[in-house]
Amino acid sequence: MSLAEAQHGFLSPTGVEIAFLLVGMVTLGAALVTVTTRQLVHAALWLVVALGGLAVEYLLLTAEFIAWVQVLIYVGSVVVLLLFGLMLTKAPVGRSPDADSGNRWAALAVAGAAAAALVWVVVDAFRTTWIDLDGPAAGTTRVTGQSLFQHWVLPFEALSVLLLAALVGAIVLSRKAAAAEPPPGAAPVAGAPGEKEGAR
């Protein structure tokens, strides 16, 4: 161990570690704004910031392939799919009172419990895991592809089916809304709400 490695500790972070913490704070803030804003389009755009921050974190961890996959799939595909779903369902662009159900404290309790369970599962799973720094890089295309297609094929395919179902559902909802609206120039239905009464 060199003298520089021996002097380096928790109280003397490197520039990469400082950048990692700063980007992590920005990513956390963007994620909080995503789930607290009442404007759906703004929530999708803040989600872009959060996912982009995760891609930067992967770059700082020298996992370039994972970072570009994060950008191409999540930022470039998932968020675009969400925006198309919002446009197809004619979601309001401005503030939407329907976006707040009034169960904020219950949702916060469920989110806190889910976060605690996720942290506990990750810590328990990787507590005794050590990374061989002298071995092949963990973020290379070969290592990632082997791990993905050997251990994570089913979740990967389930996610693709879920995204496809979301897109089909948005198209079905938009077609139902279009069928319920009367065509332009059609005569109003007798007794329809908002019909003006004739002159007496």
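Keep in mind that what you see is a predicted model, and the values were worked out from it rather than measured.

1. Topic: the packing of helix 3 (residues 40–60) against helix 4 (residues 64–88)
Then comes step 1: For the pair helix 3 and helix 4, interaxial distance at closest approach is 8 Å and the crossing angle is 175 degrees. In terms of axis orientation, helix 3 runs roughly antiparallel to helix 4. Of the residues in helix 4, those in contact with L40, V41, A44, L47, V48, L51, G52, L54, A55, Y58 and L59 of helix 3 are E64, I66, A67, Q70, V71, Y74, V75, V79, L82, L83 and L86.
Then comes step 2: Looking at side-chain class alone, the contact of helix 3 with helix 4 contains 19 nonpolar, two polar and one charged residues.

2. A word on the packing of helix 2 (residues 15–36) against helix 3
Then comes step 1: Packing of helix 2 against helix 3 leaves a shortest axis separation of 8 Å and a crossing angle of 160 degrees. Put simply, helix 2 runs roughly antiparallel to helix 3. At the point where helix 2 passes helix 3, the crossing takes the left-handed sense. Of the residues in helix 3, those touching helix 2 at V16, A19, F20, V23, G24, T27, A30, A31, V33 and T34 are A43, W46, L47, V49, A50, G53, L54, V56, E57 and L60.
Then comes step 2: For the contact of helix 2 with helix 3, the class distribution of residues is 15 nonpolar, four polar and one charged.

Thresholds, definitions, all that
Residues numbered from 1 in each chain as written. Predicted model: local features only at pLDDT ≥ 70, side-chain atom pairs only at ≥ 80, totals over all residues. Heavy atoms only, no water. Axes fitted to C-alpha atoms, helices over the stretch in contact; angles between N-to-C directions. Helix = DSSP H or I, 4+ residues; strand = E, 2+ residues; numbered from the N terminus. Parallel < 35°, antiparallel > 145°, perpendicular 65-115°, else oblique. Contact = heavy atoms within 4.5 Å. Nonpolar A, V, L, I, M, F, W, Y, C, P; charged D, E, K, R; others polar. Left-handed = near helix turned anticlockwise from the far one by under 90°.

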